[in-house]
Amino acid sequence: WNLLDREEIVPNIGDFHCMTSMGANLLVVRGKDDKVRVFANTCPHRGALVAQGNGNGKVFQCPYHFWSFGLDGHLTGAPQSTDDDGKDLIDASNREAFGLAEIASGCWGGFIFVRFREGPNTLKEHLGAFVETLASHKLEDMRVARKDVFEMEANWKCFAENYIDAYHIPFVHKDSLS
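Numbering of residues starts from 1 in every chain and runs along the sequence as written. The predicted nature of this model means local features are confined to residues of pLDDT at least 70 and side-chain atom pairs, given and counted, to a pLDDT of 80 or more, with totals for whole chains, interfaces and linings taken over all residues. Just so you know, side-chain values use all the structure's heavy atoms and leave hydrogens and water out.

J.: Please give an account of the state of the cysteines that cites residues and values.
T.: Here, two cysteine sulfur atoms that lie within 2.5 Å of each other are counted as a disulfide. Taken as a whole, this structure holds 0 disulfides when the rule is applied. Here C43 stays free of any disulfide, with the sulfur of C62 as its closest cysteine sulfur at 3.9 Å. Working definition: with a 1.4 Å probe on protein chains only, accessible area under 20% of the residue-type maximum means buried, over 50% means exposed, and in between means partly exposed. Here C43 falls in the buried class, since its relative accessible area comes to 3%. Left without a disulfide partner, C107 is nearest to the cysteine sulfur of C18, which lies 17 Å away. Under the relative-accessibility criterion, C107 is labelled partly exposed at 34%.

J.: Could you give an account of the sheet that holds strand β7 (residues 68-70), with specific residues and numbers?
T.: In space, the 3 strands of this open sheet follow the order β6-β7-β8, with antiparallel pairing throughout. At either margin of the open sheet sits one strand with a lone partner, and together these are β6 (59-61) and β8 (75-77). If you compare each strand with its neighbour and ignore which way they point, the axes differ by 35 degrees on average. Two strands are counted as paired when DSSP detects at least two bridges linking them. A run of H or I in DSSP counts as a helix once it spans at least four residues, and a run of E counts as a strand once it spans at least two, with each numbered from the N terminus. Axes here refer to lines fitted to C-alpha atoms; in helices the fit is confined to the stretch in contact. Angles between the N-to-C directions go from 0 to 180 degrees.

J.: Describe the packing of aromatic side chains, naming the residues involved and giving the relevant values.
T.: When the centres of two rings from Phe, Tyr and Trp lie within 6.5 Å, Trp using its six-membered ring, the rings pair. Their planes under 30 degrees apart give stacked, over 60 give edge-to-face, and anything left gives tilted. Applying the stated criterion across every chain, the model contains 2 aromatic pairs. Summarising the aromatic geometry, the rings of F16 and F60 are spaced 5.3 Å apart at their centres and angled 90 degrees between planes, so their arrangement reads as edge-to-face. Within this pair, whereas F16 is found in strand β2 (residues 15-21), its partner F60 is found in strand β6, the two being separated by 44 residues in sequence. Here the two residues F16 and F60 agree in accessibility, since each one is buried. Ring geometry for W67 against F98: centres 5.9 Å apart, planes inclined by 80 degrees, an arrangement best described as edge-to-face. Placement of the pair is W67 in the loop between β6 and β7 and F98 in the loop between β8 and β9 (102-108), with a sequence separation of 31 residues. A relative accessible area of 5% places W67 in the buried class. For F98, a relative accessible area of 26% corresponds to the partly exposed category. One residue, R6, lies across the ring of F111, its end atom 4.4 Å from the ring centre. As a reminder, the over-ring test applies to NZ of lysine and CZ of arginine, requiring each to be within 6 Å of the ring centre and within 35 degrees of the ring normal.

Shown next as structure tokens:
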């Protein structure tokens, strides 16, 4: 499970937010059922982006062949999807197969998490003792005051480990942090 962002990026039903994470184009959406879902932001027909930026809407539409998708990712329309005899190629029997690819996601404490491959643990199981330990902090009630995004070509683990490695501080930061 990987931390993606805060739920507040899509606070209302119909809100969407496009982003890239680990090289994948993602579409974060709050559905009619108030659930936050994450989809691959690519049309399953020809791979074009179905949304850009952020906003609020009822459907997403591919700009290439105008396939449209609901807030739950299901295909709602596919113009001219008939065979030479006029028979529908997409109907109730196979429509489910043509929706947006949903990325496994979950929310906890106001945070959105995703995972790009199947695993045995639910998000809550993965978080383990954090759920109970941090319950008193009411993270779901907090809001982002400032957000800094750094684009870098680096091994994320080395970057993150730098912040938990205090061994270098007396040498590299001797005039500031030390």
